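Breakdown of the fold
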Amino acid sequence: MKESYVSYYKPYINHIDRDNNMGLIRYLLAFGVLIGHFNIICGTDIPWIVSSNNRVGGFFALSGFVLTGSLLKGISFNDFVKKRAWRILPSYFFVVICASILLCFVSSYSFQEYYLDSGFWKYLAANLSFMNWLHPGLPGVFQENEITAVNGSLWTMKVEWQLSLSAPLMIYLCYKYKWNLRKTIIVIISVAMVYRLGFQYMYQKTSDAIYEILGRQFFYQSLFFYCGMLIYTYYNLFIKYRWYLAIVSVVIYITGWLFITSEFYYFVLQPFSITFMVLSLSLLPKDIGSLLDKGQNISYEIFLCHFPVIQLIREFDLIDKFGIASTLTIVITATVALALITYYTVGNLYIRRKTKLVRQTA
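Now for a description of the structure that goes with this document. Starting afresh in each chain, residues are numbered from 1 along the sequence in its written order. Owing to the predicted nature of the model, reporting of local features is limited to residues with pLDDT of at least 70; listing and counting of side-chain atom pairs is limited to 80 or more, with chain, interface and lining totals taken over all residues. Computation of side-chain values covers all heavy atoms of the structure but excludes hydrogens and water.

The next thing to look at is the packing of aromatic side chains. Aromatic ring pairs are defined here through the distance separating the ring centres and the angle between the ring planes. When the centres of two rings from Phe, Tyr and Trp lie within 6.5 Å, Trp using its six-membered ring, the rings pair. Their planes under 30 degrees apart give stacked, over 60 give edge-to-face, and anything left gives tilted. As enumerated under the stated definition, the model contains 26 aromatic pairs in all. Between Y115 and F120 the ring centres are 5.1 Å apart and the planes differ by 85 degrees, which places this aromatic pair in the edge-to-face class. Since its relative accessible area comes to 27%, Y115 is described here as partly exposed. The rings of Y5, Y8, Y9, Y12 and Y175 are connected pair by pair, giving a single aromatic cluster. Our definition puts a charge over a ring when NZ of Lys or CZ of Arg is within 6 Å of the ring centre and also within 35 degrees of the ring normal. In this arrangement the basic side chain of R196 is found over the ring face of Y220, its NZ or CZ atom lying 4.4 Å from the centre. When accessible area is computed with a 1.4 Å probe and restricted to protein chains, residues below 20% of their type maximum are described as buried, those above 50% as exposed, and intermediate ones as partly exposed.

Another point: the nonpolar core. In this text, buried Ala, Val, Leu, Ile, Met, Phe, Trp, Tyr and Cys residues form a nonpolar core when linked through side-chain atoms within 4.5 Å. Core analysis: the biggest nonpolar cluster contains 83 residues, and Y9, F65, L103, I171 and L181 have the highest contact counts within it. By definition, residues are in contact when any of their heavy atoms lie within 4.5 Å. What F65 contacts, discounting residues up to four positions off in sequence, is I16, M22, G228, M229, I231, Y232, Y235, L279 and L283. Core analysis: the second largest hydrophobic core is formed by 14 residues, L34, F38, I310 and I313 among them.

When a carboxyl oxygen of Asp or Glu is within 4 Å of a side-chain nitrogen of Lys or Arg, the pair counts as a salt bridge. Here the structure, examined in full by the defined rule, presents four salt bridges. Close ionic contact of R84 with E160 constitutes a salt bridge, the shortest N to O distance being 2.4 Å. Here R84 is found in helix α4 (residues 77–102), whereas its partner E160 is found in helix α7 (residues 155–177), with 76 residues between them in sequence. Its relative accessible area of 7% is what places E160 among the buried residues. Between R314 and D317 there is a salt bridge, with its nearest N and O atoms 2.5 Å apart. Residue classification places R314 among the partly exposed residues on the basis of a relative accessible area of 29%. Only DSSP runs of H or I with at least four residues qualify as helices, and only runs of E with at least two residues qualify as strands; both kinds are numbered from the N terminus onward.

Another point: the layout of surface pockets. Only protein atoms enter the calculation, which uses a 1 Å grid: trapped sets of points that fit a 1.4 Å probe without letting it out are cavities, open sets showing protein on both sides within 12 Å along at least five of seven lines are pockets, and any residue with an atom within 4 Å of a point is a lining residue. Grid points are joined across faces, edges and corners, and a volume is the space filled by probe spheres set on the points. The calculated volume of the largest pocket comes to roughly 1800 Å³. Lining the largest pocket are 45 residues, and of these R18, R26, V66, R84 and Y350 lie nearest its centre. The set of elements that each furnish at least two residues to the lining of the largest pocket consists of α2 (22–42), α3 (52–72), α4, α7, α14 (289–293), α15 (299–315) and α18 (349–361). Top element by residues in the lining of the largest pocket is α3. It accounts for 10 residues. Looking at the lining of the largest pocket, its residues break down into 21 nonpolar, 13 polar and 11 charged. Residues are sorted three ways: Asp, Glu, Lys and Arg are charged, Ala, Val, Leu, Ile, Met, Phe, Trp, Tyr, Cys and Pro are nonpolar, and all the rest, Gly among them, are polar.

Positive phi, normally seen in glycine, also occurs at F142, with a value near 60 degrees. Its location among the elements puts F142 in the loop between α6 (118–128) and α7. Unlike most non-glycine residues, D317 shows phi in positive territory, near 50 degrees. Along the chain, D317 turns up in the loop between α15 and α16 (318–322). Exposure remark for D317: the relative accessible area of 33% places this residue in the partly exposed category.

Compared with the 30 Å implied by 1.5 Å per residue over 21 residues, the 30 Å span of α2 between its first and last C-alpha is a close match. For α2, the tally of buried residues reaches 16 of 21 residues, placing the bulk of the element in the interior. Phi turns positive, to about 70 degrees, at G43, one or two residues after α2. By definition here, a helix of n residues has an expected span of 1.5 Å times n minus one.

With that settled, consider the packing of α7 against helix α8 (residues 181–206). At a minimum axis distance of 10 Å, the contact between α7 and α8 shows a crossing angle of 135 degrees. In terms of orientation, α7 lies oblique with respect to α8. The handedness of the crossing between α7 and α8 comes out as right-handed. Touching M170, I171 and C174 of α7 are L181, T184, I185 and I188, all from α8. For helices, the fitted line uses only the C-alpha atoms of the stretch in contact; every axis is such a line through C-alpha atoms, and the angle between N-to-C directions lies from 0 to 180 degrees. An angle counts as roughly parallel when it lies under 35 degrees, as roughly antiparallel when it exceeds 145, as roughly perpendicular when it falls between 65 and 115, and as oblique in every other case. Should the near helix be turned anticlockwise from the far one by less than a right angle, the crossing is termed left-handed; should it be turned clockwise, right-handed.

Cysteine sulfur atoms that come within 2.5 Å of each other are treated as a disulfide pair. Tallied over the full model, the rule gives zero disulfides. We note that C98 lacks a disulfide partner, and the nearest cysteine sulfur, in C305, lies 8.8 Å from it. Taking the relative accessible area as the measure of exposure, C305 reaches 6% and is therefore buried.

Structure below.
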C-alpha cells in the first residue's frame, strides 16, 4: 500500500531546501507573541507589525507547510505521532510542571495550603491533558492581576495537536477516495473562513466573548495550517517567485496594517497575506536563524515560557519601578534564559533520540 500511496502523491512531493529562514521567522513570531501579551497584561502599547492572532497563525502556517512533506512521503501514523510528541511534549510538560511547583513562592497561600488545595491538582490535570481552559489558574497565584491564568498561551497546544492529527486523516481520505488533494484543502480553507466570519458576526451581535474566543480556535487556525499545506503542494512554483511574493506580501500587509481599517480586510484578506508573507520570507535563502542558535532553535520554548514571566512582572508592578523599556528587556532576558534551560534540559530530547536511532541503524 505504501508504494501505491507514495506513487499517488508523487506529483505533490517536493524537496525543501534546508538553506532557508524558517528559524529566523519563528523567532520573529515568538517575540511578536511575547510583545503582544506584554501589551495585554501590562497595559502598554508597544507596536509590532503582526497582530496577536496572526502571529499564532504564522506558526500554524509553518507547521502545515513542514509536516506535509513527511505525510505525503508515506510516514506511518505511529512514527508521525512519535516525532511530534518527542518535539512538543517534553518542553510542554516541563513548563507546566515547573510553573505549578515554583509559583507557590508567589501564592497568597501557605506552602501546605497551596499543595493540598484541589486547585493545584486540577491545574496539573487540566494542563497536562491540554484542557487548560478547564482550570487555567493556580491557588492564590496572580489573583490581583487582570488576567489570572498562569499561562494564557497554552490553548494553542491543543490546536496544534488537533491540526497535526487532522492532516494525516485528510491526506489518507484523499488517497482512499481519490479526492483531489488541492481541491480538498481549498474546501477546508473555505469552511474555516466561513466559521471565522460566522462567529465574528455572533460576537458583534451579542457582545458575548465566548464567540470571539471560539472564533479564533481550531477551525480558524486551520485556515493558516491548511494554507501552509496548500503552498507546499505548489512548492516549485512558490519558490520560483518567492522574492516577488515576499516583497508583494510585505507591502500588502504593511499597507493594511497602517492604512486599512476595513473588517473585510482584517478578517478575510489579512490571514492570507500573513501566510504568504511568513512562508515567502521563510523560504528566502541563507539560514540567518542558525547564526543565532547554531541550529538549536528555541522559539517553541520562548513561546511556552514568556507568559508566566510577564505575569510575574505584572504581579510585582515592575513597570512602575523601572519603566517600559527596562521591564521589557527584563522579560525578554528572563524568557530566553528559561527557554534555554527548558530546551537543554528536555526540549532537545528529539534531537538526542534521532541521533541515537541513526547510530543504531549505522
